[in-house]
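One-letter residues, chain by chain:
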Amino acid sequence: IRDVLLDAMRQQGWTQVTPSNLRPTRFGNVDGLRFDVQLTHQNGLIYRGTFAAVERGELLTHFFWIAPAEHYYGRDIAAVNSMFDSARFVD
């Protein structure tokens, strides 16, 4: 799943896409995964971000957040992690 998501970012023109910290997680009672990423925009700006993904049945649900590494990532990552960690699926 991680590699599929990273390949999608590369297809969108991002370069130097480097994942880290792949880890299992749970969204309520649903198993999923999380990982972090560093990548470079076409204009040369370096971004960092975080991904979350769940495969349920034959569906892949994912969400991600990226921000420029210089300022916004460090400023906002704790709030984003809190939001991702609180995500739950309702059937």
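Just above sits the structure.
Description of the structure in this document. (Residues numbered from 1 in each chain as written. Predicted model: local features only at pLDDT ≥ 70, side-chain atom pairs only at ≥ 80, totals over all residues. Heavy atoms only, no water.)

**What about unusual backbone geometry?**
Although it is not a glycine, Gln16 sits at a positive phi angle of roughly 50 degrees. Its location among the elements puts Gln16 in strand β1 (residues 15–27). Judged by its relative accessible area of 61%, Gln16 is exposed. Notably, Asn21 is not glycine yet its phi reads approximately 55 degrees, a positive angle. Topologically, Asn21 is positioned in strand β1. Judged by its relative accessible area of 46%, Asn21 falls in the partly exposed class. (Helix = DSSP H or I, 4+ residues; strand = E, 2+ residues; numbered from the N terminus. Buried < 20%, exposed > 50% of the residue type's maximum accessible area, 1.4 Å probe, protein only.)

**Description of the sheet that holds strand β4 (residues 59–68)**
Taken in spatial order, the four strands of this open sheet run β1-β2-β3-β4, and their pairing is antiparallel. Looking at strand neighbours, the two that pair on one side only are β1 and β4, the edges of this open sheet. With strand direction ignored, the average angle separating the axes of adjacent strands in the sheet is 20 degrees. In this structure, strand β3 (residues 46–56) lies alongside β4, joined through 10 bridges in antiparallel fashion. Its bridge partner being in β4, Ala52 is matched across the sheet by Phe63. (Pairing = 2+ DSSP bridges. Axes fitted to C-alpha atoms, helices over the stretch in contact; angles between N-to-C directions.)

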